[in-house]
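The lines below spell out each chain.
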Amino acid sequence: MILQALYDYYQRKCAAPNPADRLPAYGLEEKEIPFVLEITTEGELVNLRDTRSLEGKKKVGRRYLVPQGVKRASGIAANLLWDNLEYATGIDTRGKPDRVVDQHAAFRARIAALPESAQADVGIRAVQTFLDRIDPSRLAQEPAFAEIQESNALITFQLQGDIELVCQRPSVIAAAGQQEPGTDEPSSTRCLITGEVTEPERLHTAIKGVWGAQTSGANIVSFNLDAFNSYGKAQGANAPVGKPAAFAYTTALNHLLAKGSPNRFQVGDASAVCWAAPVEGSDSEFDTLLADLFGTHDSPDTGVRAVTTLFDAIHSGRFDGTEGQTRYYVLGLAPNAARISVRFFHTMTLAELAPRIIQHFTDLTLRHAPHEPDYPPLFRLLTACAVQSKADNIPPNLGGGIVDAILAGPDAPYPSLWLNAAVNRCRAEREVSYYRAAAIKACLNRSIRRFKQEKEFQPMLDLDNTNAAYRLGRLFAVLEKIQEEASPGLNATIRDRYYGAASSTPVAVFTTLLRLKNAHLKKLSQGRVVGFEKLLGEVLSAVTDFPAHLALADQGRFALGYYHQRQAFFTKSDKTESTEEKN
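About the cut-offs
Residues numbered from 1 in each chain as written. Predicted model: local features only at pLDDT ≥ 70, side-chain atom pairs only at ≥ 80, totals over all residues. Heavy atoms only, no water. Helix = DSSP H or I, 4+ residues; strand = E, 2+ residues; numbered from the N terminus. Rg over C-alpha atoms; globule rule 2.2 N^0.38 Å. Buried < 20%, exposed > 50% of the residue type's maximum accessible area, 1.4 Å probe, protein only. Contact = heavy atoms within 4.5 Å. Areas by Shrake-Rupley, 256 points an atom, 1.4 Å probe, with all protein chains shown as cover. Lys, Arg positive; Asp, Glu negative; His and termini not counted. Charge placed at Lys NZ, Arg CZ, Asp CG, Glu CD. Expected span 1.5 Å × (residues − 1). Arc of directions from axis to C-beta. Pairing = 2+ DSSP bridges. Axes fitted to C-alpha atoms, helices over the stretch in contact; angles between N-to-C directions. Salt bridge = Lys/Arg side-chain N within 4 Å of Asp/Glu carboxyl O.

A. Seen up close, the overall build of the chain. Scanning the chain from terminus to terminus reveals 22 helices and 14 strands. Taking 2.2 N^0.38 as the reference for a compact globule, 583 residues should give roughly 25 Å; the C-alpha atoms of the chain span a radius of gyration of 32 Å, well beyond that estimate. With respect to the three principal axes, the spread of C-alpha positions in the chain is 105 × 50 × 50 Å. The burial tally for the chain puts 50% of its 583 residues in the buried class. Relative to all contacts within the chain whose residues are 6 or more apart in sequence, the contacts with residues 24 or more apart total 68%. Roughly 27300 Å² of accessible area belongs to the chain as shown, and the carbon and sulfur atoms make up 49% of that amount. Each charge sign in the chain was given a centre, from 64 positive and 67 negative side chains, and these centres are 7 Å apart.

Now the structure itself:
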């Protein structure tokens, strides 16, 4: 299903009306080539051109459409008319002259194996002439050569005065998809993606751009040990995928994962991509929806605009018709040595996806300060639950698990690790922030909807909620407020000293706190004392005893009660707060 979806995406992109949006045709790939050897039709070197430009603090080479590169590890395999300096020129850069001789011979063999129509091309003849009489001393005169030799950089060829590279000439492009010489391919078989009888791909192109995987790329489909083989089949023949289909799905996935791709977003250790398959064929406005919602962006308004657009689409009924039947795909990948593991894969229509995303943000909704966002970004939610609020300390599987739960359905539970992390951070740092409280509320409400043992928590203070842990959280906030008003300007309040114990073992501290409260009330005006006494009576009316211990979920209820009550103190519109503020 995953490979078929990627194959279909490739086919749609190749048929795009705008040529700039199309993906490379079969047998080609986009490659960053930093240096180009300009030669005459007689094979004389004219110039060694540096194609790089400065992007930030790094020089980046120009990207060209070239014949698809071969897959190699420790063996010798040459690319067609482009490769590193050792392969392309036979000049040793790492002190292994014997190996370089074999590499250069393989490079020339690829050119010699081209069909006669390509061999007759003036560009191919010029390259062969240049290679026949290559002069390392002449190359050394070029200013960029020392840098190329040091890094064994990629180079290719271009005829003087031409716009295209030699490897881009029509005769070369036509031959680019032909079988590599000397490769012993299995017999034709039925492709698992297209269903057609075709020649299977033995080694699939590596997938790059997955965070944490090898820089040279890793594979989704791979059989590199005898233990993985079945019925005498080896490598790619175990899961036969035709060469064109293998090229299509790997090209599509590499395109989606490429640096700067709007369809890519990172959640924890999972590199995720999303795309839409519109019913009518044109690109969908929501093609990058999940990347806009859950990715990290230079503009903080990107996620807000995405949520707003989604809300408007639902309320206007846009998803009731054809647009709602647009198929949406989300694929999460995680590194696993030389392979890639699939963390999650979801496919559904936009009409099915939209309510799930809306439910996620509904679960997170809380009353908050004016400077805090209505739709908290996933990255902020994750860092708020990490040690020292550092991204490096986010549990690796947490982000992917949250996205997986969002897409699984409106009642699918969030990872228990999220609630645990949020509660522990509240206790360790003695602060119930907006992001932590939102995470706790979302986790608790999803659990409540599954088991239906109590009513869901509201975005604001709920006077009708009689849960003991929730009421104790409110009580702690009231006691802290009394202390703050009795002793303005305190550097530390009871929260700094007692929050951890109060939220986990209430019986150990609340008798002490209630006794201290009496001393604090003596410092307040009579009107404030009456207001606080009424509020304390209302909060404690549902509390019959102080529990000896609160479970993790109840510690979350405590934190939420504390947060709700603190927010209520600063919200004049709430009728309860109006009573509390009355002197």
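B. Structural detail: helix H19 (residues 510-521). Compared with the 16 Å implied by 1.5 Å per residue over 12 residues, the 16 Å span of H19 between its first and last C-alpha is a close match. Taken together, the buried positions of H19 are Phe510, Leu513, Lys517, His520 and Leu521. One face of H19 carries all of its buried residues, which in axial projection span an arc of 85°.

C. Looking closely at the environment of Tyr7. Along the chain, Tyr7 turns up in helix H1 (residues 2-14). Setting aside its immediate chain neighbours within four residues, Tyr7 contacts Ile193, Thr194, Ala245, Ala248 and Tyr249.

D. Layout of the sheet that holds strand E8 (residues 154-159). As summarised here, the arrangement of the 4 strands in space is E3-E2-E8-E7, forming an open sheet in which the pairing is mixed. The sheet is open, and its two borders are formed by strand E3 (45-50) and strand E7 (82-84), each paired with just one other strand. This sheet shows a mean twist of 30° between the axes of neighbouring strands, independent of strand direction. Sheet topology places strand E2 (residues 35-39) next to E8; 5 bridges connect them, and they run parallel. What sits directly across from Ile39, in E8, is Leu159. The strands that helix H5 (residues 122-132) touches are E2, E3 and E8; relative to E8, the one it contacts most, it runs at about 125°.

E. View of helix H12 (residues 350-364). End to end, H12 covers 21 Å across 15 residues, agreeing with the expected 21 Å (1.5 Å per residue, within 8%). Those residues of H12 lying buried are Leu350, Leu353, Ala354, Ile357, Ile358, His360, Phe361, Asp363 and Leu364.

F. Focus on the pairing of strand E13 (residues 327-336). Judged by how many residues are buried, E13 sits mostly within the fold: 7 of 10 residues are covered. Looking at chain direction, E13 and strand E14 (residues 339-349) are connected through 10 bridges and run antiparallel. Its bridge partner lying in E14, Pro335 is registered against Ile340. In this structure, the hairpin formed by E13 and E14 is closed by a connection of 2 residues, where Ala337 is found at a positive phi of approximately 60°.

G. Focus on the environment of Phe145. You can see Phe145 is positioned in helix H7 (residues 145-151). Under the relative-accessibility criterion, Phe145 is labelled buried at 6%. Setting aside its immediate chain neighbours within four residues, Phe145 contacts Leu48, Leu85, Ile91, Leu139 and Ala140.

H. Local environment of the pattern of salt bridges. Counted according to the given criterion, the structure contains 30 salt bridges. Across the pair Glu38 and Arg49 runs a salt bridge, and its minimum N-O distance is 2.4 Å. Note that Glu38 is positioned in strand E2 and Arg49 in strand E3, a separation of 11 residues in sequence. Its relative accessible area of 23% is what places Arg49 among the partly exposed residues. The shortest N-O distance in the salt bridge between Arg495 and Glu480 comes to 4.0 Å. With Arg495 in helix H18 (residues 494-504) and Glu480 in helix H17 (residues 468-486), the pair connects residues that are 15 residues apart, well separated along the chain. A relative accessible area of 0% places Glu480 in the buried class.

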